[in-house]
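Take a look at the letters that make up each chain.
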Amino acid sequence: MKKFANWIGAGIGWAAGGPIGAALGYLIGAALKGATSDYSEFQSDNSSYTSRTTQAGDFEISLLFLSAVVIKADGKILQKELDYVRNYFVQMYGKDRANNAFKLFKGIINDTSLSTQEVCTQIRSHMSAESRAQLIHFLFAIAKSDGHVADVEVQTIQSIANYLYINQASFNSIKAMFYDNSESAYQILEVSKSDDNDTIKKAYRRLVKEHHPDKLAHLGEEHLKGAQEKFQKIQEAYETIKKERGL
């Protein structure tokens, strides 16, 4: 149990405060079931966490909380979605760390008291726009893991994106990466079919700059895979449009 407490405390900056920290304190206490480890550092303390920069652990904890919101959105907790989250953590961090993450995740899934808006407000206040966009990309991947993105899941992710101050064009771009239709390439680049070639080229260059994986280098190598997938989707969308237009 001490190993679990040590894991959850490693690499966490601002997530140790605010509503997320308060929830972590409760969940860790429940997981330890009366063990003598000290988890008081996870109690809400707005005065001590506001100046901390985002660390890999902050992103990891944010993923767990928001993933739970999306998985519960349709009123069903599907095994495929749970497996996707667990497999993601196994690939990123290895089995031991994934097991610890999932121990916490089970507690988050069953917690009905935490406000999604409060969690998103804390995340928004400390996480860069690029990192917040990566969270939305991951949430769509969870929703799609059962082969279909339900309307209620889209609505839930849209609400999260709104709370995180992700603009509508960026949200539609990320969403389009998980749909296969004739409009997807244009939506990914945040343009329309009526736009001229120069406008599309400028949009592509802007998105390449905004979503380059190097923007998430501060989160560690383990998080770059998702960023690279999103970056590749942007490149593929541009190539599709160029081919369609004979450029």
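As named in an unreviewed UniProt entry, the chain is TerB family tellurite resistance protein, taken from Wenyingzhuangia gilva.

A. Structural view of the nonpolar core. Membership of the largest hydrophobic core comes to 71 residues, with the highest contact counts inside it found for Ile136 and Leu189. Beyond its immediate chain neighbours, meaning those up to four positions away, isoleucine 136 contacts Ile157, Ile160, Ala161, Leu164, Ile166, Phe171 and Ile174.

B. Examining helix α12 (residues 197–210) more closely. Helix length check: α12, at 14 residues, gives a terminal C-alpha distance of 20 Å against a target of 20 Å (1.5 Å per residue), a fit within 8%. Every buried residue of α12 is accounted for by Ile200, Ala203, Tyr204, Leu207 and Val208. Relative to the axis of α12, the buried residues are bounded by an arc of 135° and lie together on one face. Counted as exposed and oriented over 90 degrees from the buried face of α12: Lys202, Arg205 and Lys209.

C. Local environment of the packing of aromatic side chains. Enumeration according to the criterion identifies four aromatic pairs in this entry. Ring plane angle 45° and centroid distance 6.0 Å describe the contact between tyrosine 84 and phenylalanine 138, whose orientation is recorded as tilted. A residue pair is termed long-range when its members are at least 10 positions apart, and tyrosine 84 in helix α5 (residues 79–93) and phenylalanine 138 in helix α8 (residues 129–144) qualify at 54 residues. For phenylalanine 138, a relative accessible area of 5% puts it in the buried group.

D. Structural view of unusual backbone geometry. For tyrosine 165, which is not glycine, the phi torsion reads 60° and is therefore positive. Relative to the helices and strands, tyrosine 165 is located in the loop between α9 (151–163) and α10 (168–176). Here glutamate 190, not a glycine, exhibits a phi torsion of approximately 60°, which is positive. Among the residues examined, glutamate 190 registers a relative accessible area of 23% and is labelled partly exposed.

What counts as what
- Residues numbered from 1 in each chain as written.
- Predicted model: local features only at pLDDT ≥ 70, side-chain atom pairs only at ≥ 80, totals over all residues.
- Heavy atoms only, no water.
- Core = buried A, V, L, I, M, F, W, Y, C linked by side-chain atoms within 4.5 Å.
- Buried < 20%, exposed > 50% of the residue type's maximum accessible area, 1.4 Å probe, protein only.
- Contact = heavy atoms within 4.5 Å.
- Helix = DSSP H or I, 4+ residues; strand = E, 2+ residues; numbered from the N terminus.
- Expected span 1.5 Å × (residues − 1).
- Arc of directions from axis to C-beta.
- Phe/Tyr/Trp six-rings, centres within 6.5 Å; stacked < 30°, edge-to-face > 60°.

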